[in-house]
Amino acid sequence: MFNDIAGDYDLLNHILSAGIDRSWRRKAVKEALAGPDRRLILDLATGTGDFAIALARKCPADGMITGLDISSEMLAGCKAKIEKKKLTGKISLIQGDCENLPFETGSFDAATVAFGVRNFENLEKGISEMFRVLRPGGKAVILELSTPDNRFIKAVYGFYFHKILPFIGGLVSGDKAAYRYLPASVERFPRPNRFCGIMRDCGFSEVRAKALTFGICRMFVGEKSE
Ligand SMILES: C[S@@+](CC[C@H](N)C(=O)[O-])C[C@H]1O[C@@H](n2cnc3c(N)ncnc32)[C@H](O)[C@@H]1O
């Protein structure tokens, strides 16, 4: 599915979120880089690379970002963007599956996923892999779309999400199914407390969730204890 929508992904992302996705990524980048020695960062489900690029711009001068994604088309878009922004020496890309990471245990200082965990076939496996590849003292930061807690906002958002978004998404990308999948997958995704529980079960400590923009987006943070 992501191979099919890769060409329109960036445009639709920014239109459909009215650009708010940029501010969510900014907050997550700040959180991921907070703490001592955050140089080697793994950005999972990196897609067309917006998060990896934001990390590369803010990480220490000797920092290095590795972006991993399963979709060759999303990675092709990402590669072109990285070249255009002259960040080739700062970001390396690899095609792979988040549920079976091709890295040694303890390889990274921080690991991030923006709007990717919702698509994992086996959520626990993906989160456990994230935990495994972090070094002791490492940190995971996960951004994911969510349903707001407030009833009124939830109703307005529900209308937008179920009616307007699939219409515009279908019109621009020609793939209405992909933009029907989006609200369905957000509703299927575990509520914040349960997701925090899954992170703890996978080994993370200091797990916390923060609601962004009325809970339309959530930022989850977990640490691998020393
Ligand atoms: C909604 S996009 C998010 C892209 C990017 N992180 C962003 O912030 O815009 C989700 C990405 O997850 C990738 N993905 C889904 N399941 C995956 C898996 N098991 N392993 C690696 N990538 C995966 C898709 O190919 C897609 O590029």
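Quick summary incoming for the structure in this document. Please read all numbers here as calculations on a predicted model, not as lab measurements. (Residues numbered from 1 in each chain as written. Predicted model: local features only at pLDDT ≥ 70, side-chain atom pairs only at ≥ 80, totals over all residues. Heavy atoms only, no water.)

Focus on the nonpolar core
Formed by 35 residues in total, the largest nonpolar core has its most connected members in W24, L55, I65, I91 and L143. Breaking this core down by element, the ones donating at least two residues are helix 2 (20–33), helix 3 (50–58), helix 4 (72–84), strand 4 (108–114), strand 5 (134–145), helix 6 (151–173), helix 7 (176–188) and strand 7 (217–223). Counting residues in each nonpolar core, the second largest holds 28 residues, with L42, I127, I142 and F204 among its members. (Core = buried A, V, L, I, M, F, W, Y, C linked by side-chain atoms within 4.5 Å. Buried < 20%, exposed > 50% of the residue type's maximum accessible area, 1.4 Å probe, protein only. Helix = DSSP H or I, 4+ residues; strand = E, 2+ residues; numbered from the N terminus.)

A short note on a positive patch on the surface
On the surface, a cluster of positive charge is made up of R22, R26, K27, K30, K58 and K210. Looking at the positive patch element by element, the count peaks at four residues for helix 2. Here K58 shows up in helix 3. (Patch = residues over 30% accessible without salt bridge, like charges linked within 9 Å, V, L, I, M, F, W, Y side chains within 5 Å. Areas by Shrake-Rupley, 256 points an atom, 1.4 Å probe, with all protein chains shown as cover. Salt bridge = Lys/Arg side-chain N within 4 Å of Asp/Glu carboxyl O. Lys, Arg positive; Asp, Glu negative; His and termini not counted. Charge placed at Lys NZ, Arg CZ, Asp CG, Glu CD.)

Some points on the site of the ligand
What surrounds the ligand is a group of 18 residues, the closest being A45, D69, D97, C98 and A114. Taking R25, its side chain carries an N or O atom lying 2.9 Å from an oxygen atom of the ligand. For the ligand, a nitrogen atom lies 3.2 Å from a polar atom in the backbone of I70. Protein coverage of the free-state accessible area of the ligand, which is 590 Å², stands at 95%. Top contributing element to the shell around the ligand by residue count: helix 1 (residues 2–16), with three residues. Split into classes, the residues belonging to the shell around the ligand amount to eight nonpolar, six polar and four charged. (Near = heavy atom within 4 Å. Polar contact = N/O pair within 3.5 Å; in protein donor to acceptor, adjacent residues only side chain to side chain. Nonpolar A, V, L, I, M, F, W, Y, C, P; charged D, E, K, R; others polar.)

Some points on the pairing of strand 5
Where burial is concerned, most of strand 5 is hidden: 11 out of the 12 residues are buried. Bridging between strand 4 and strand 5 involves six bridges; their strand directions are parallel. Residue pairing for strand 5: A110 is matched across the bridge by K139. When strand 5 meets strand 7, the two strands line up antiparallel, connected through seven bridges. Within strand 7, the position partnered with I142 by the bridge is F220. (Pairing = 2+ DSSP bridges.)

Here's the deal with the pairing of strand 7
Along strand 7, six of the seven residues are buried, which leaves the element largely enclosed by surrounding structure. In this sheet, strand 7 lies alongside strand 6 (residues 205–212) in antiparallel orientation, the contact comprising six bridges. Residue pairing for strand 7: K210 is matched across the bridge by M219. Remark: four residues form the turn of the hairpin made by strand 6 and strand 7, two consecutive strands paired antiparallel; T213 in that turn has positive phi of roughly 45°.

Details of unusual backbone geometry
The phi torsion at K86 lies on the positive side, around 55°, for a residue other than glycine. Position of K86 among the secondary structure elements: in the loop between helix 4 and strand 3 (91–95). Positive phi values are uncommon outside glycine, yet F115 reaches one of about 55°. As for its position among the elements, F115 is in the loop between strand 4 and helix 5 (123–133). On the basis of relative accessible area, F115 is assigned to the buried category, the value being 10%.

Re the packing of aromatic side chains
By the definition in use, this model includes six aromatic pairs. Geometrically, the ring pair formed by F131 and F204 is edge-to-face, given 5.0 Å between the ring centres and 85° between the ring planes. A residue pair is termed long-range when its members are at least 10 positions apart, and F131 in helix 5 and F204 in the loop between helix 8 (192–201) and strand 6 qualify at 73 residues. In this structure F131 comes out as buried when scored by relative accessible area, which is 18%. Aromatic pair F189 and F195: ring centres 5.1 Å apart, planes at 40°, arrangement tilted. Each member of the pair, F189 together with F195, is buried. Across from the ring centre of F131, 4.7 Å away, lies the NZ or CZ of K224, which sits over that ring. (Phe/Tyr/Trp six-rings, centres within 6.5 Å; stacked < 30°, edge-to-face > 60°. Lys NZ or Arg CZ within 6 Å of the ring centre and 35° of its normal.)

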